[in-house]
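Per-entry structural report
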Protein chains: 2
Amino acid sequence: MRFLIIGGDAAGMSAASRARRNDPGLDITVLERSSDVSYSACGMPYNIADAGRSMDDLVVRPARVFREKQDINLLTGHAAETIDPAARTVSGRGPGGEGFSLEYDKLLIATGASARLPDVPGIGTPGLMSLKNLADGRAIKEYIKDKKVGRVLIIGMGYVGLEMAEALRAREIEVTMLKPREAFLPWLAESLVAVVRQEVESRGVKLLPGCALRRVEGGGDALEAVCDDFTLTRDMIIVATGVVPNSDITSGTGIELGSRREIAVNRRMETSLDDIYAAGDCADAYHLVTGRKTWVPLALRANRSGRAVGDNVCGRGVELPGIAGTSVFKVFDLEVARTGLTVSEAEQAGFEPARVEIKSRSRAHAHPGAEDIHLSMVGDKSSGRLLGVQMVGREGVAHRVNAPAVALGARMTVADFAQSDLAYSPPFGPVWDPLLTGAGQLLKQL
Amino acid sequence: MRFLIIGGDAAGMSAASRARRNDPGLDITVLERSSDVSYSACGMPYNIADAGRSMDDLVVRPARVFREKQDINLLTGHAAETIDPAARTVSGRGPGGEGFSLEYDKLLIATGASARLPDVPGIGTPGLMSLKNLADGRAIKEYIKDKKVGRVLIIGMGYVGLEMAEALRAREIEVTMLKPREAFLPWLAESLVAVVRQEVESRGVKLLPGCALRRVEGGGDALEAVCDDFTLTRDMIIVATGVVPNSDITSGTGIELGSRREIAVNRRMETSLDDIYAAGDCADAYHLVTGRKTWVPLALRANRSGRAVGDNVCGRGVELPGIAGTSVFKVFDLEVARTGLTVSEAEQAGFEPARVEIKSRSRAHAHPGAEDIHLSMVGDKSSGRLLGVQMVGREGVAHRVNAPAVALGARMTVADFAQSDLAYSPPFGPVWDPLLTGAGQLLKQL
């Protein structure tokens with residue numbers, strides 16, 4: 001059987017490795033447009049922060065290991081362009097521009113996502129860059145070095161933008177951040193937003209929310225970002241305004257897409273066409289809380305869904321329950337984490353949400369070094385279900401969010417979650433963990 | 001209605017406060033033998049570590065706040081001695097040795113636990129001390145100061161003993177630890193034990209497992225701990241060999257006790273006698289995994305069960321599902337955590353356990369500063385249920401254990417837990433969290 005995979009990053013290589021482990025005799029081919037496979041994309045900001053480190057440190061497993069040790073026909077520099085579901089072929093162009101056409105029995109589309117760029121003039125100006133794949137990371141790092149970049153404008157204030165702000169400040173680069181909407185981190189509860197904003201600004205990052213980029217002019221060492229009321233001149237502009245799923249390859253195939261052009265899959269990662277799977281950032285998922293389709297391109301889902309395809313092409317019938325949208329990022333000394341729904345997401349999904357926002361501490365009463373933990377918790381008035389948790393703090397946030405993430409997977413009520421037997425020791429939190437205090441407060445509103 | 005509480009620590013004061021919030025008109029009396037109420041007992045080792053801090057820092061809420069702000073008749077220095085269930089009275093002795101007898105409509109026994117002392121000659125020698133209540137903590141701290149203690153022997157190697165070892169090393173005191181059994185931390189998976197032992201010994205603590213204390217001789221500045229093959233001369237001996245429930249007050253009442261003399265309660269904290277509740281370290285609990293009775297004296301359970309009694313005396317009918325035995329302690333730079341059952345506990349409870357032990361990392365591939373995380377996970381072959389998790393590492397352990405703790409509360413299978421949508425970001429763990437890697441490995445054995 002021929003298993004063909006388009007895309008050699010998290011989902012694609014997870015599928016290839018898993019399928020190989022399941023079936024030593026399988027014919028496995030991976031088509032990867034770039035020269036990089038299997039790297040930690042999320043590690044790029046931290047790598048950029050350290051001028052002395054090579055971007056190649058982020059490669060988890062080099063291409064030759066897949067080729068030599070796992071007998072995977074890994075074709076880098078191969079850009080897949082069209083799928084013919086009737087003929088069961090994928091065609092495209094190889095490294096020299098030569099055409100190729102490959103047959104498959106089972107196909108996985110793992111084309112990932114691309115940086116979403118603002119639709120304004122001058123967006124292709126050299127020195128304006130985005131950060132999605134390893135080549136982007138290398139280019140940014142080299143540009144900083146070659147041009148002795150001292151001042152950077154970041155478009156977007158999401159987690160990638162904030163991680164990049166931290167990375168650039170670590171290199172003593174001046175950072176300004178711009179976004180069209182007024183709200184800084186609009187998905188985060190208000191009292192938590194204030195904490196993050198204060199931290200970011202206290203580290204010398206200038207935040208300009210509510211300013212839309214109209215065009216980019218200039219070039220070389222002086223890019224001009226033109227907004228309505230002012231123009232900023234900077235050495236470099238980084239665009240971090242989110243990503244879009246790479247689903248163009250499905251055009252003409254009849255493969256069903258979602259509202260944001262993400263590829264629709266069922267719990268087995270099957271698309272609407274027989275023997276064609278999709279996984280990773282190009283594909284959608286079920287939300288564990290709403291039960292509805294959602295599109296949240298994150299690394300664990302990419303790896304897990306790729307692995308599931310590697311099982312399913314070998315007949316294992318693995319079904320993934322879905323995602324809770326659990327995520328965490330670090331920005332300077334803060335940890336910012338969420339799982340499940342915000343109040344507005346809960347309303348849109350038909351719940352009747354109630355929310356509490358509390359402030360607790362990261363260590364016990366009188367234990368030295370305690371920091372604030374800000375927590376927001378959302379529950380459903382009609383069912384009593386726990387719907388979501390958000391947290392911000394200097395310690396004890398990143399892993400704490402996993403307890404409610406598990407609770408969401410188990411569809412627990414707030415009342416049941418409030419009875420959780422959590423660990424206590426003075427260096428790690430109060431006797432009543434912030435999660436339990438939050439749940440107790442929220443219960444009063446349900 | 002008269003609500004009488006015996007014991008003014010975590011469970012007793014939680015009950016008193018909760019009952020007052022529920023019912024402003026309730027007649028609430030608390031009998032506390034010592035002069036301290038509402039303090040963080042678990043914080044004592046950390047307080048002892050710092051010669052400059054007062055032990056009174058650990059008082060969460062002073063007695064006068066309960067008296068003046070909450071209108072609780074808090075009688076310190078009052079030792080309850082007998083309960084007469086027929087007459088509905090509790091009698092004992094007040095601060096001056098005078099007798100008292102108080103009537104109740106609802107009674108809570110929250111007498112806690114006491115240090116278990118080895119049954120050997122000389123155990124009452126001055127300079128041999130244990131650490132259970134605030135008076136113990138003060139006495140140890142004063143003794144260290146007054147006698148300029150330079151060398152201490154700790155009997156017992158449980159978490160209190162280890163926390164004390166760390167505290168004393170922080171004050172540059174020489175520490176030797178002794179216990180009769182050969183196994184260091186017998187409840188911990190073997191590969192994890194080795195990590196903890198190495199850390200403790202590397203900090204200059206001498207461990208002597210397999211050595212039973214036969215008697216204590218000498219006194220003053222030179223206590224002699226006599227074992228079979230040697231005698232150790234030290235300035236001070238701290239006994240940390242666990243605790244026993246304080247249930248003597250039930251004698252003659254007919255209140256049912258468990259095998260270790262802990263007071264048996266149902267999920268509403270009711271004892272076998274009408275209108276008499278028990279909560280905190282003196283009472284038992286249901287185990288969330290086995291469904292059987294267990295006795296695990298820990299702070300969260302004490303607070304939670306006291307609070308439940310404060311609700312139930314006001315007719316709320318609160319039922320506590322039970323405990324998973326989740327706990328964490330810090331020893332030097334290590335975090336050691338557990339939830340649920342060990343293999344031998346699982347066998348005793350009638351499960352058919354399988355276990356994996358894995359080593360993962362605390363941060364992502366190529367992220368600087370990553371440390372090992374050692375994890376052991378236990379599941380049941382016949383039902384597929386997750387039964388327990390243990391972890392040791394220098395970071396990312398304390399809160400990570402709460403995710404499986406929630407899973408145990410929800411009676412999740414290992415397969416379901418393995419699908420949890422956990423948070424990922426390079427500074428906080430690998431894409432596949434150690435918990436997910438462990439669950440994936442364990443699944444292969446189920």
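The present account deals with the structure reproduced in this document. Note that this is a predicted model, so its numbers are computed, not measured.

1. A look at empty space enclosed by the protein
Using the criterion set out here, one finds six cavities of 30 Å³ or more in the structure. Of the volumes computed, that of the largest cavity is approximately 50 Å³. Looking at the largest cavity, the residues that line it are Val-328, Ala-398 and His-399 of chain A together with Arg-400, Ala-423, Tyr-424, Ser-425, Phe-428, Gly-429, Pro-430 and Asp-433 of chain B. Residue classes in the lining of the largest cavity are distributed as six nonpolar, three polar and two charged. Approximately 40 Å³ is the volume found for the second largest cavity. Lining the second largest cavity are Gly-280, Asp-281, Ala-283, Asp-284, Ala-285, Val-296, Pro-297 and Arg-301 of chain B.

2. Some remarks on the packing of helix 9 (residues 402-409) of chain A against helix 9 (residues 402-409) of chain B
Axis separation between helix 9 of chain A and helix 9 of chain B bottoms out at 7 Å; the angle between their running directions is 30°. Relative to helix 9 of chain B, the element helix 9 of chain A lies roughly parallel. Relative to helix 9 of chain B, helix 9 of chain A is oriented so that their crossing is right-handed. Packed against helix 9 of chain A, whose contacting residues are Asn-402, Ala-403, Val-406 and Ala-407 of chain A, the element helix 9 of chain B presents Asn-402, Ala-403, Val-406 and Ala-407 of chain B at the interface. Among the residues making up the contact of helix 9 of chain A with helix 9 of chain B, the classes are represented as six nonpolar, two polar and no charged.

3. Things to note about the packing of aromatic side chains
Applying the stated criterion across every chain yields a total of two aromatic pairs over all chains. Stacked on the ring of Tyr-286 of chain A, the Lys or Arg Arg-267 of chain A has its end atom at 3.9 Å from the ring centre. Cation over ring: Arg-307 of chain A sits above Trp-432 of chain B, and NZ or CZ is 4.0 Å from the ring centre.

4. Details of the interface of chain B and chain A
Facing 59 residues of chain B, the contacting portion of chain A comprises 59 residues. Interface area, chain B with chain A, both sides summed: about 5,000 Å², of which 64% is carbon and sulfur. Taken together, the connections running from chain B to chain A amount to zero salt bridges. Connecting chain B to chain A are 24 residue pairs in polar contact (both at pLDDT 80 or more). Secondary structure elements with two or more residues in the side of chain B that touches chain A: helix 7 (299-312), strand 21 (327-331) and helix 9 of chain B. Taken together, the residues of the side of chain B that touches chain A break down into 35 nonpolar, 14 polar and 10 charged.

5. Focus on the relation of the copies chain B and chain A
These two copies of the chain differ by a rotation about an axis and a displacement along the same axis. For the pair chain B and chain A, the superposition axis carries a translation of 0.0 Å, the fit reaches an RMSD of 0.0 Å, and the rotation angle comes to 180°. Taken together, the rotation and translation relating the two chain copies correspond to the operation of a two-fold axis. Considering only C-alpha atoms, the part of chain B nearest the rotation axis is Ala-403 of chain B, at 2.0 Å.

6. Concerning the sheet that holds strand 14 (residues 222-226) of chain A
Residues and elements named next belong to chain A. Taken in spatial order, the three strands make up an open sheet running 13-14-15, and their pairing is antiparallel. For this open sheet the edge positions go to strand 13 (215-219) and strand 15 (231-234), each flanked by a neighbour on one side alone. Averaged over all adjacent pairs, the angle separating strand axes in this sheet is 20°, with direction ignored. Examined bridge by bridge, strand 14 and strand 15 share four bridges and lie antiparallel to one another. Its bridge partner being in strand 15, Leu-223 is matched across the sheet by Arg-234.

7. Quick notes on the nonpolar core
In terms of nonpolar packing, the biggest core is built from 80 residues, with Met-377, Phe-417 and Leu-435 of chain A together with Met-377, Phe-417 and Leu-435 of chain B touching the most fellow members. The contact partners of Phe-417 of chain A, leaving out residues within four places of it in the chain, are Met-377, Leu-386, Ala-403, Pro-404, Ala-407, Met-412, Leu-435, Leu-436 and Ala-439 of chain A together with Val-406 of chain B.

8. Considering the sheet that holds strand 23 (residues 353-361) of chain B
All names here are of chain B. Strand order across the open sheet formed by five strands is 21-22-25-24-23, with antiparallel pairing between neighbours. Edge strands, defined here as strands with exactly one partner in the open sheet, are strand 21 and strand 23. For this sheet, the mean angle separating the axes of adjacent strands, direction not counted, is 10°. Looking at chain direction, strand 21 and strand 22 (residues 334-340) are connected through five bridges and run antiparallel.

9. Let's talk about helix 9 of chain A
Judged by how many residues are buried, helix 9 of chain A sits mostly within the fold: seven of eight residues are covered. Within the sequence span of helix 9 of chain A, burial applies to Asn-402, Ala-403, Pro-404, Ala-405, Val-406, Ala-407 and Leu-408 of chain A. Considering only its buried residues, helix 9 of chain A is in contact with strand 22 (334-340), strand 25 (386-393), helix 10 (414-417) and helix 11 (434-443) of chain A together with helix 9 and helix 10 (414-417) of chain B. Once helix 9 of chain A finishes, Arg-411 of chain A follows within two positions and takes phi at roughly 55°, a positive value.

10. As for unusual backbone geometry
Residues and elements named next belong to chain B. Positive phi outside glycine occurs at Arg-88, with the angle close to 55°. Mapped onto the elements, Arg-88 comes out in the loop between strand 4 (79-84) and strand 5 (89-93). By relative accessible area, Arg-88 is classed as partly exposed at 29%.

Definitions and cut-offs
Residues numbered from 1 in each chain as written. Chains lettered and ligands numbered in written order. Predicted model: local features only at pLDDT ≥ 70, side-chain atom pairs only at ≥ 80, totals over all residues. Heavy atoms only, no water. 1 Å grid on protein atoms, 1.4 Å probe; cavity = no way out; pocket = protein on both sides within 12 Å on 5 of 7 lines; lining within 4 Å. Points joined across faces, edges and corners; volume = space filled by probe spheres on them. Nonpolar A, V, L, I, M, F, W, Y, C, P; charged D, E, K, R; others polar. Axes fitted to C-alpha atoms, helices over the stretch in contact; angles between N-to-C directions. Helix = DSSP H or I, 4+ residues; strand = E, 2+ residues; numbered from the N terminus. Parallel < 35°, antiparallel > 145°, perpendicular 65-115°, else oblique. Left-handed = near helix turned anticlockwise from the far one by under 90°. Contact = heavy atoms within 4.5 Å. Phe/Tyr/Trp six-rings, centres within 6.5 Å; stacked < 30°, edge-to-face > 60°. Lys NZ or Arg CZ within 6 Å of the ring centre and 35° of its normal. Buried area = accessible area lost by both parts, 1.4 Å probe. Salt bridge = Lys/Arg side-chain N within 4 Å of Asp/Glu carboxyl O. Polar contact = N/O pair within 3.5 Å; in protein donor to acceptor, adjacent residues only side chain to side chain. Least-squares fit on C-alpha atoms with pLDDT ≥ 70 in both. Pairing = 2+ DSSP bridges. Core = buried A, V, L, I, M, F, W, Y, C linked by side-chain atoms within 4.5 Å. Buried < 20%, exposed > 50% of the residue type's maximum accessible area, 1.4 Å probe, protein only.

Coordinates in, geometry out; function isn't part of it.
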